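Residues per chain are reported as follows:
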Amino acid sequence: MNHKILEGKRGIITGALDENSIAWRIALKAKEAGATFTLSNAPIALRFGKINELAESCNAEIIPADATSIEEIENLYDKSMEALGGKLDFVLHSIGMSPNVRKKREYSNLNYDWLQKTLDVSAISFHKMLQVAYQKEAINEWGSVLGLSYIAAQRSFPGYGDMADAKATLESIARSFGYYYGIKNKVRVNTVSQSPTKTTAGTGVKGFGSFFDYADKISPLGNADADTCADYCITLFSDYTRMVTMQNLYHDGGFSNTGMSEALMEMLEQ
Ligand SMILES: NC(=O)c1ccc[n+]([C@@H]2O[C@H](COP(=O)([O-])OP(=O)(O)OC[C@H]3O[C@@H](n4cnc5c(N)ncnc54)[C@H](O)[C@@H]3O)[C@@H](O)[C@H]2O)c1
């Protein structure tokens, strides 16, 4: 696929850590689709990740920002508009982290300071990125802002812990902010609920291999990978989806609407 559906569009892509990151795949596809953009990640991730490689291949400037810091988000928008020569058309929030999940704390034994951190990094940062853009008038009319979610916002998945609460909040923020941003500037706000994907954040979840295999067996199309997720996100940044807003959009090969599959039954009957 090589359609220049983002020709002339400017954006910010957060969350590319290494080549497995969903944001990394989105950056490559956005470049292919003709967009110009800046890349951003938390300063610590910039030290350990491989974002320089991506920046080179996309001809993109890297602007560090901890997504929990209003000051750093303000700087991210200012520097991005300066580097790209104008207001933005799309923003990707591809950020998630839970200290409770990382440190294997059960959901029935959460550390509440860590829960605050989970919510701040994985959900409230989405609100912060939206609010700063809204107040700065940083996004053009018909612009598009996307966050990445997971179906644990609707159904319980053991091991996903407090990230489920963060995703439920993230999806709610897309609905609530989408209302205000739609009225003010016709900017759309959505979340994409993606299949389990083999990335640093994904594989950090206890039992990820089982989640992955189960979803793959249940979904009529199988699990959606990071590249197909990227293709979908590119359409959501483009002018072909101008009237889609305030939605949580499943990109999961049909998982969310399937109760049982023959493939899984066969496996269980063995
Ligand atoms: N991998 C999956 O199975 C899966 C499924 C559905 C949704 N998602 C979501 O996709 C998004 C991207 O995750 P991924 O799977 O590509 O993993 P990833 O680990 O490659 O990306 C997560 C990113 O969040 C960044 N981050 C963490 N704390 C930050 C902070 N304070 N400020 C700025 N950035 C910060 C990390 O540096 C990293 O780049 C996340 O929201 C994740 O929850 C992932």
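Preceding block: the structure.
Here goes a summary of the coordinates provided.

Reading the values: the criteria
- Starting afresh in each chain, residues are numbered from 1 along the sequence in its written order.
- Whole-chain, interface and lining totals are the exception, using all residues; otherwise, since this is a predicted model, local features are given only for residues with pLDDT of at least 70 and side-chain atom pairs are given and counted only at 80 or more.
- Elements are defined by DSSP. Helices are runs of H or I of four residues or more, strands are runs of E of two residues or more, and each kind is numbered from the N terminus.
- Each residue after the first adds 1.5 Å to the expected span of a helix.
- Each residue is classified by how many other C-beta atoms fall within 10 Å of its C-beta atom, where C-beta atoms are placed from the backbone; a count of 20 or more means buried, 12 or fewer means exposed, and values in between mean partly exposed.
- Note that the arc is defined by the directions from the helix axis to the C-beta atoms.
- We call two residues in contact when their backbone-placed C-beta atoms lie within 7 Å.
- In this usage, the nonpolar core is the set of buried Ala, Val, Leu, Ile, Met, Phe, Trp, Tyr and Cys residues whose C-beta atoms join them within 7 Å.
- Two strands qualify as a pair provided DSSP detects at least 2 bridges between them.
- Here, axes are lines fitted to C-alpha atoms. For helices the fit covers the stretch in contact, and angles between N-to-C directions go from 0 to 180 degrees.

1. Considering helix α10 (residues 226-237)
An α-helical segment advances 3.6 residues per turn. Residues three or four places apart therefore align on the same side.
Then comes step 1: For α10, spanning 12 residues, the distance from its first C-alpha to its last is 16 Å, which sits close to the expected 16 Å at 1.5 Å a residue.
Then comes step 2: Taken residue by residue, α10 has Ala226, Cys229, Ala230, Cys233, Ile234, Leu236 and Phe237 as its buried positions. All buried residues of α10 fall inside an arc of 160° around its axis, so they share one side.
Then comes step 3: Tucked inside the fold, the buried residues of α10 contact β1 (10-14), α1 (22-32), β3 (88-93), β4 (139-149), β5 (188-194) and β6 (248-251).

2. Some words on the nonpolar core
Then comes step 1: Ranked by internal contacts, the top residues of the largest apolar core, which has 72 residues, are Ile13, Ala27 and Cys233.
Then comes step 2: Per element, the largest residue contribution to this core is 8 residues, and it comes from helix α7 (residues 163-185).
Then comes step 3: Every residue in contact with Ala27, bar those within four places of it in the chain, is listed here: Ile13, Ala16, Leu39, Leu54 and Cys58.

3. Focus on the sheet that holds β6
Then comes step 1: Reading across from one edge, β2-β1-β3-β4-β5-β6 is the order of the 6 strands in this open sheet, with parallel pairing throughout. Strand pairing shows two members of the sheet lacking a second neighbour, β2 (36-40) and β6, which therefore form its edges. Strand-to-strand twist across the sheet, computed as the mean angle between neighbouring axes with direction ignored, equals 20°.
Then comes step 2: For β1 and β2, the ladder comprises 5 bridges, and the chain directions are parallel. Counted as the bridge partner of Arg10 is Thr36 from β2.
Then comes step 3: Strand contacts of α7: β4, β5 and β6, with the helix running at about 155° to β5, the strand carrying the most contacts.
Then comes step 4: Across the sheet, α10 touches β1, β3, β4, β5 and β6, and the angle it forms with β5 is around 170°.

Scope: geometric values only; no functional claims are made or implied.
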